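What follows is the residue order along each chain.
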Amino acid sequence: MPLMKNINLLWIVIIVTYMIQTRFFEKMVGREQIVDSQTQEVNNSVHTKQGFTVHLAILYLLSWYLLIPFNKWIWSHNESHDFITRQQKELQDREDELDDLSEPIELPQTNTTSSSTTTTAPASLSSNISYFAKILIMSFFLAITVVTYTLGLGLSPSFDITLIQNCAFFEIVTLLYGVCSVSRNKNVFRNFLIMMVAVVSILIVSYTNATCNLLAGKMSVNKETKEVNDPWLFDRLKAGLITGLGSLAIGPFAVWCNQWFEDKSIKRADKIKINTKNLFYIPTVSILFLLPFLNLGNFGLIVEEYLAEPKFWLHLFVATVFGTLPNIIAIIKLNAYYPNEFITTCNLGVIIITGLFEWICESGHTVIVRWEVISYIFLSICTITLYFSLRGNLHA
């Protein structure tokens, strides 16, 4: 099996590249907390870098243009599938010719040139209007998802955003795939119960996360009022609300990608040209939606704090080359070769791997409680079960 068809490799690539992208985006727009090494208390003077979130969303959408030169390789599955289809059609035509011993009857042709030209123009015009209406709608939902993602990273730690966004992705995509008949109707009740256990496990993980941060010294307790001193409290609430609601927009986007741009009536070889146009129009229109929200008044400050720093370009390079681009390519390949609903297991995998990454890489500032471990165990069991239940068979 080629590497680009290996389901295990594609699954891991999607998870790892998403983590790389999120980590380095956080370094670019995230908040830097100052923790006292002796008392392990968070200093209330937190350095904020929230003026670049919309700009970062536009940079993320601009990175989609880098996929256009590799469009033939990205959608190579369309060419291979079309080649197999042509071979089967040629064999079928040969069989039909052998079975049909009668000569075809030629009917007199009428002059329909003038009528065909008059009907072609309105048909092409209506199809173009329909196509750009689809692009407009999809770009609107994509812009919402991307800008709320970057805004959340500017307000809250990346682990919180990863937890909220992937939970929302998992829930809305699973729901709409089932309602819109994009997914297979197989073992629906069993998979529903497993998904419910997974969502409850994520809820417990998010609930115990505050306790773990308190025990780890990332938050402190006011000795007079006995209240938790969390300098990010209201920002966490804003980030959770913004990212959670904005991430729901990916559901209609995913459904329409499968229904509109994977139309079975279109020859698969022609989809390369169509998807190339989509890669250009969708991010372009999304950027146009975000332009009114740019604050041009702080352009000088942005140049001084971001564009003039070599570290910024290094973070942007790593996030784009090792995060965004391979993440999008792996999602396209996984969605092409395997059932559409299987992509939702990647969201659960991201939450698990991110939690493990937090434990391993920040062991000195991380405390684990019993219920968090139990939740991750149940979440892992649900992910493995759904992984083998939804993967199906390799598409031709």
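All figures in this text were calculated on a predicted structure; none of them were measured in a lab.

Draft legend 1. How the structure looks around the nonpolar core. In terms of nonpolar packing, the biggest core is built from 84 residues, with Phe 25, Trp 64, Leu 290 and Leu 334 touching the most fellow members. Apart from the residues within four sequence positions on either side, Leu 290 is in contact with Val 54, Ala 57, Ile 58, Leu 61, Ala 143 and Val 147.

Draft legend 2. Broad picture of the packing of helix H1 (residues 7–29) against helix H12 (residues 310–337). Packing of H1 against H12 leaves a shortest axis separation of 8 Å and a crossing angle of 150 degrees. Put simply, H1 runs roughly antiparallel to H12. As for the relative orientation of H1 and H12, their crossing is left-handed in sense. Grouping the amino acids of the contact of H1 with H12 by side-chain chemistry returns 18 nonpolar, six polar and two charged.

Draft legend 3. How the structure looks around the confidence of the model for the protein chain. Per-residue pLDDT for the protein chain has a mean of 77; in total, 67% of the residues score no lower than 70. Ranking the helices and strands of the protein chain by mean pLDDT puts H1 first, with 92, and strand S2 (residues 42–47) last, with 45. Across residues 33–48, where pLDDT falls below 50, the model places 30 contacts with residues more than four positions away in sequence or in other chains. Across residues 80–86, confidence stays below pLDDT 50; counting only partners more than four residues off in sequence or on other chains, it has five contacts.

Draft legend 4. Structural context of the side chain of Asp 160. Of note, Asp 160 is situated in helix H6 (residues 158–179). Among the polar contacts made by the side chain of Asp 160, one reaches the side chain of Ser 156 at a distance of 3.1 Å.

Draft legend 5. Structural detail: a nonpolar patch on the surface. There is a patch of nonpolar side chains on the surface, built from Phe 189, Phe 192, Leu 193 and Met 196 and spanning about 430 Å² of accessible area. Within the secondary structure layout, Phe 189 lies in helix H7 (residues 188–215). The exposure class assigned to Phe 189 is exposed, which follows from its relative accessible area of 61%.

Draft legend 6. Representation of unusual backbone geometry within the structure. Even without being a glycine, Ser 181 presents a positive backbone phi close to 60 degrees. As for its position among the elements, Ser 181 is in the loop between H6 and H7. Exposure remark for Ser 181: the relative accessible area of 58% places this residue in the exposed category.

Draft legend 7. Fine view of the packing of aromatic side chains. Taken as a whole, this structure holds 17 aromatic pairs when the rule is applied. Residues Tyr 60 and Trp 64 carry aromatic rings whose centres are separated by 6.5 Å and whose planes lie at 70 degrees to one another, so their mutual orientation is edge-to-face. Judged by relative accessible area, which is 9%, Trp 64 ranks as buried. Arranged with centres 5.1 Å apart and planes meeting at 75 degrees, the rings of Phe 312 and Trp 313 form a pair that is edge-to-face.

Draft legend 8. Seen up close, the side chain of Gln 21. Here Gln 21 shows up in helix H1. Beyond its immediate stretch of four places on either side in the chain, Gln 21 contacts Tyr 60, Tyr 149, Ala 319, Gly 323 and Thr 324.

What counts, and where the lines are drawn
Residues numbered from 1 in each chain as written. Predicted model: local features only at pLDDT ≥ 70, side-chain atom pairs only at ≥ 80, totals over all residues. Heavy atoms only, no water. Core = buried A, V, L, I, M, F, W, Y, C linked by side-chain atoms within 4.5 Å. Buried < 20%, exposed > 50% of the residue type's maximum accessible area, 1.4 Å probe, protein only. Contact = heavy atoms within 4.5 Å. Axes fitted to C-alpha atoms, helices over the stretch in contact; angles between N-to-C directions. Helix = DSSP H or I, 4+ residues; strand = E, 2+ residues; numbered from the N terminus. Parallel < 35°, antiparallel > 145°, perpendicular 65-115°, else oblique. Left-handed = near helix turned anticlockwise from the far one by under 90°. Nonpolar A, V, L, I, M, F, W, Y, C, P; charged D, E, K, R; others polar. pLDDT = per-residue confidence, 0-100. Polar contact = N/O pair within 3.5 Å; in protein donor to acceptor, adjacent residues only side chain to side chain. Patch = residues over 30% accessible without salt bridge, like charges linked within 9 Å, V, L, I, M, F, W, Y side chains within 5 Å. Areas by Shrake-Rupley, 256 points an atom, 1.4 Å probe, with all protein chains shown as cover. Salt bridge = Lys/Arg side-chain N within 4 Å of Asp/Glu carboxyl O. Phe/Tyr/Trp six-rings, centres within 6.5 Å; stacked < 30°, edge-to-face > 60°.

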